[in-house]
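Observations on the three-dimensional arrangement
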Amino acid sequence: MRIAVLADIHGNLPAFETVLKDLRQHAPDSLIIAGDIVVGSPDSQRCWQLAQSLDCPMVRGNHERYVSHYGTEHADPLWQTAQFAPVQWAVGQLSAVERQAIADLPLTYRLSDAPDLLIAHASARSDQESVPLHTTADELAVIFANVTEQTIARGHNHIPRTHPWGDRQVITTGSAGLPLEGHTVAQYVLLDQVAGGWHAQHCSVPYPVEQTLQRFAETNYVAETGVMGRLFQREVATASLHFVPFLRYYRQWTVAEPSLTLDAAWSRFSSSF
């Protein structure tokens, strides 16, 4: 059996289409999408509609939770602020029916004919739990407590890797639409069932990033989503991390300066780094 797993499309339609075209040559038996289809680049709705048209299993990422819970009793008040303007943009694109379908996505997925494989966006208990490279075996045992599968395939961290864990492994797919290794490529993983488990082949393919950047321009995305939209645009253009470092500094600065605005923080951040 060969399974293709892709994750973290983040509204980047040209990258998503490129991955789908590329993986066809590898003839997978099935495709699974491991979350974060939406929010980031301007085309959340079109990416969601394309994903649905594939009629493949999907799991919920943290950004699916944001758009499906936005405006409900489950929403965090922070989601109403400028920090979540890209989420608000995606919510504005999606219909109520689409948001309900997103809300219905499961946190994990298991295949009946592959009982030693678990698919999740982040972990089996959370849609936003990180597994960085330095994660220890003891930490993995906590993160994946009560998980019995030998192989866990996940997204969320946007950098592809196969993380050995005793006789088990945690495979992070990389990002189909928001890679962060400095190369503007769309990433996914092929899992081949072999004697004793699964072999991961990490795949990447160049995609027309200029088409995605053109979508930022023609949709007026940055003007409407502000600093956070600009950060996503920079991540797409450079395939490197901007969003999380900015938020870390912003949160540090607002401890001493609670009234510091995102725009003022952006001016400070961009002039300093």
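Our subject in this report is the structure included herewith. (Residues numbered from 1 in each chain as written. Predicted model: local features only at pLDDT ≥ 70, side-chain atom pairs only at ≥ 80, totals over all residues. Heavy atoms only, no water.)

Here's the deal with helix α10 (residues 262-272)
What α10 keeps buried is the set L262, A265, W266 and F269. Viewed along the axis of α10, the buried residues span an arc of 100 degrees, placing them on a single side of the element. Opposite the buried face of α10, at more than 90 degrees from it, the exposed residues are D263 and S271. Elements that come into contact with the buried residues of α10 comprise α8 (221-238) and α9 (243-256). (Buried < 20%, exposed > 50% of the residue type's maximum accessible area, 1.4 Å probe, protein only. Helix = DSSP H or I, 4+ residues; strand = E, 2+ residues; numbered from the N terminus. Arc of directions from axis to C-beta. Contact = heavy atoms within 4.5 Å.)

Here's the deal with the side chain of R168
Counting through the fold element by element, R168 comes out in strand β7 (residues 168-172). Within the structure, R168 has its side chain in polar contact with the backbone oxygen of E149 (distance 2.8 Å). Once you skip the residues sitting within four places of it in the chain, R168 turns out to touch V147, T148, E149, Q150, I152 and H163. (Polar contact = N/O pair within 3.5 Å; in protein donor to acceptor, adjacent residues only side chain to side chain.)

As for the sheet that holds strand β2 (residues 30-33)
Reading across the sheet, the four strands line up as β2-β1-β8-β9 and stay open at both edges, with mixed pairing between neighbours. Strands with a single pairing partner mark the edges of an open sheet, and in this sheet they are β2 and β9 (197-206). The average undirected angle you get between the axes of adjacent strands in this sheet is 25 degrees. Bridging between strand β8 (residues 185-194) and β9 involves 10 bridges; their strand directions are antiparallel. Bridging from a neighbouring strand, Y188 pairs with C203 of β9. The strands touched by helix α1 (residues 13-24) are β1 (2-6), β2, β8 and β9; relative to β8, the strand with the most contacts, the crossing angle is about 35 degrees. (Pairing = 2+ DSSP bridges. Axes fitted to C-alpha atoms, helices over the stretch in contact; angles between N-to-C directions.)

Some points on the packing of aromatic side chains
Scanning all chains against the criterion turns up 15 aromatic pairs. Aromatic pair F216 and Y221: ring centres 5.1 Å apart, planes at 90 degrees, arrangement edge-to-face. For the pair shown, F216 and Y221 are each scored as buried. When the ring of F246 is compared with that of W266, the centres are 6.2 Å apart and the planes differ by 65 degrees; the resulting orientation is edge-to-face. Taken together, the residues F246 in helix α9 and W266 in helix α10 connect sequence positions 20 residues apart. Like F246, the residue W266 is buried in the burial classification. Here a set of aromatic residues connected by ring pairs shows up, and it is made of F246, Y249, Y250, W253, W266, F269 and F273. (Phe/Tyr/Trp six-rings, centres within 6.5 Å; stacked < 30°, edge-to-face > 60°.)

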